[in-house]
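Residues per chain, in single letters:
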Amino acid sequence: MGLMNGVDEALIKKIPGLPVIMTTAEWAINAGRSNSIWTLTFGLRCCAMEMMATGAPKYDWARFGLEVPSASPRRADMMIVAGTVTKKMAPVIIRLYEQMAEPKYVIAMGACAISGGPFIYDSYSVIKGADKIIPVDIYIPGCPPRPEALLDGIIKLQKKIMKQKFRINKDHK
Amino acid sequence: MTIKAPFELEKLSNDEYILNMGPQHPSTHGVLRIVLKLDGEVVKDLYADVGYIHSSVEKMCENKKYEMIMPYTDRLDYLSAVNYNWGYVLAVEKLMGIVVPERAEYIRVMLAELNRIMSHLLWYSAYGMDVGALTPIMYAFREREEVIDIIEGMTGGRLTHNAFRFGGFKNDLPKDFMERLQKFIGHFNDKIDEYEALLINNIILTARTKGVGILSKEKAINYGVTGPSLRGSNCAVDLRKTAPYSIYEKFDFKVCVGKNGDTWDRLKVRMDEMRESTKILKQAMEGIQAGEIMAKVPKIIKPAIGEVYTKVESARGEFGVYLVSDGSDKPYRIKFRSPSFSNLSVLREISIGSKIADVVAIMGSLDLVIPEIDR
Amino acid sequence: MNFTEVLEKLKAKNEVLESKDEMGVLNVWVSAKTIKNVITFLKNDMQFDQLSFVTAVDLMINNHIEMVYRLFSYETKTEIVIKVKLDRVRPEIETISDIFSTANWHERETSEMFGVKFINHPDPNRLLLPDGVDMPLRKDFKSDDMIPLPKV
């Protein structure tokens, strides 16, 4: 459903019999990736509860292809850093990120993951932003962000994935 | 940073091995690491490693004015944030001798009880997922969103409300509040029956939880366990009854207790508590009168020199605030006595000897919130 | 059981340095050596069955670390606070985790936050803090990670 929504009319060629999409491999791969994002189930603080609410029936992120919450980082495509990143937790987050297979995406959800949020001043154990330790694709403000905001962030990520270009690595033989 | 091995590997016998659970594990409700020493499936020893979300709240509070601390109490326990606001507000009010108007007290009680229901509903759905039932979340979140909508109308926030003020409440009730609450109370008791039929009285769950993780009354008190986990061990302690704060004396409700102190009893107590909460809500709706919602409070909050400890019954147990004031506009020392901290420390005691899968069931029944332990 | 009754009973068996009424709750100062006897006495003979928490307060001006033990009785609904003044340079006190099991974790937290050494503690490891942070709740604690709140 989500896949066909993004299809340009011009791409659909009416060959006698069935409509066939003629497109680049890039578009097809990107469409596949953006519409079946598997998330790492991993919550840190308040934002994790809103993440659960987004997965629950009322907001239902399965509509956007996030059907599978994956408990293991090895089969996850996206990590939502939902909460405060602390000094003791940082090595664990880095390890989880490194275990994820390429291509991988990171959403920094909430003020804490963006900049430290309420814990930015006078705190000795909070790392001021998830982007200090891992690369972040999308930032969602709020403390905690509403489920609608998380869905908006996910849609933005999907748009970002659709714009990915493939480069041929010339050194690779 | 080094990650310690809490057990000495050289001392393991041939049949024993070490299993690491967490910090990223779906059943640890956040970031809690548990290291288990196993012999086959049987747990020989257990070590809980906490502190992964320690964000130095107590130190920060020493550098902040009294009004600025309120949002941090929300973020200690985001599931029953209102009770945490309340504990803190009570401490400052007691130090300053502020008397809260009755209407504000009624609003506080209603908000706290709605919050308790909200917290127990999340526990219910998370517990279902812990033991492998993925449907309960679909049912419980249906009602939870309804409660959140009512609370959002009252305070403007979904999880972290920050609606309490020293001496009263931020705003009066919205116009359609009574109507919505009436509608919710009208059908909620039937829904609790549905939850019980779906999970709590389910034959598979009862087989998994009855007689597992037995916590005796003496042991529970010795470990400082409070809240539903203590009441499951047949100990009728509820701060709303035993050390009443606010206007809880006016309400007629029962303290729910379990019989044997096993995992199933702790589950059942929480389900019964939701029923009692609806009872309190009903009485509060009838009892609330028109009036002021804020007492006269000085603009600059500067409590006199002294110290105070106040405690409230949160959804997890006794939440206390120990506040030392030196007469300035910032607290000299503030300590949050969090219920989950003591509740988790008993886990080792009750899970030794059980199977590895039972550890997850026992841990879920203690209803832990990790940021509250780590602070 | 009222205020004076508790104090008299306590004084009869134990050495009490000082006592004070703090918002209606009895605060009693005892010496560090007797803490174990006092807590045992309160638990066994006076029915104080719940230890609410153990913590400390850094009284930097007086050069003291003050230990705070708060007990509550489910039987008589009475509260009592036991306080011990420790030397700030070398704070040492006997553990009470063999009397109240809950004290184990509370003492570990106090130990890392204030640098108080608990003698005979069964598990004297860090609880919450990451490596490289020591005694943060002392008033003279300084860290490069702490950005002060900007003045408006």
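It should be noted that the structure appears before, not after, this text.
Residues numbered from 1 in each chain as written. Chains lettered and ligands numbered in written order. Predicted model: local features only at pLDDT ≥ 70, side-chain atom pairs only at ≥ 80, totals over all residues.

> Quick rundown of the overall build of chain B? Include the residues and the values.
Counting its secondary structure elements, chain B contains 15 helices and eight strands. Along the first, second and third principal axes, the C-alpha atoms of chain B reach 70 × 50 × 35 Å. Across the 375 residues that make up chain B, the buried fraction comes to 56%. (Helix = DSSP H or I, 4+ residues; strand = E, 2+ residues; numbered from the N terminus. Buried ≥ 20, exposed ≤ 12 C-beta atoms within 10 Å, placed from the backbone.)

> Give me the interface of chain A and chain C: which residues, what numbers.
The interface is formed by eight residues belonging to chain A together with nine residues belonging to chain C. Partitioned by chemical class, the residues of the side of chain A that touches chain C number three nonpolar, two polar and three charged. (Contact = placed C-beta atoms within 7 Å. Nonpolar A, V, L, I, M, F, W, Y, C, P; charged D, E, K, R; others polar.)

> Break down the interface of chain A and chain B for me, with residues and values.
Taken together, the 31 residues of chain A in the interface contact 30 residues of chain B. The leading source of residues in the side of chain A that touches chain B is helix H3 (residues 46-55) of chain A, at five residues. The class makeup of the residues in the side of chain A that touches chain B is 19 nonpolar, six polar and six charged.

> Could you give an account of unusual backbone geometry, naming the residues involved and the relevant values?
Negative phi characterises most residues that are not glycine, and trans characterises most peptide bonds. Residue and element names in this part refer to chain A. Here Glu102 and Pro103 are connected by a cis peptide whose omega angle stands at -10°. Looking at the secondary structure, you find Pro103 in the loop between helix H4 (90-99) and strand E6 (105-109). Pro144 follows Cys143 through a cis peptide bond whose omega is -15°. Within the fold, Pro144 resides in the loop between strand E7 (138-140) and helix H6 (147-162).

> Describe the sheet that holds E6(A), with residues and values.
Residue and element names in this part refer to chain A. Spatially, five strands are ordered E4-E3-E5-E6-E7 in an open sheet, and the strand pairing comes out parallel. The open sheet has two free edges, formed respectively by strand E4 (69-70) and E7, since each of these has just one partner strand. Looking at chain direction, strand E3 (residues 39-40) and strand E5 (residues 78-82) are connected through two bridges and run parallel. Along E5, the bridge assignment pairs Leu40 with Met79. In this fold H3 packs onto E4, E5 and E6, with an angle of close to 130° to the strand it touches most, E5. Against the sheet, H6 touches E6 and E7, its axis set at about 165° to E7. (Pairing = 2+ DSSP bridges. Axes fitted to C-alpha atoms, helices over the stretch in contact; angles between N-to-C directions.)

> Can you tell me about the sheet that holds strand E1 (residues 16-21) of chain B, naming the residues and giving the values?
All names here are of chain B. Ordered by their spatial adjacency, three strands build an open sheet running E1-E2-E3, and the pairing between neighbours is antiparallel. Unpaired on one side and paired on the other, E1 and strand E3 (42-49) mark the two borders of the sheet. Averaged over all pairs of adjacent strands, the angle between their axes in this sheet comes to 20°, without regard to strand direction. When strand E2 (residues 33-39) meets E3, the two strands line up antiparallel, connected through seven bridges. Paired with Arg33 across the bridge in E3 is Asp49.

Shape is all these values report; function is a separate question.
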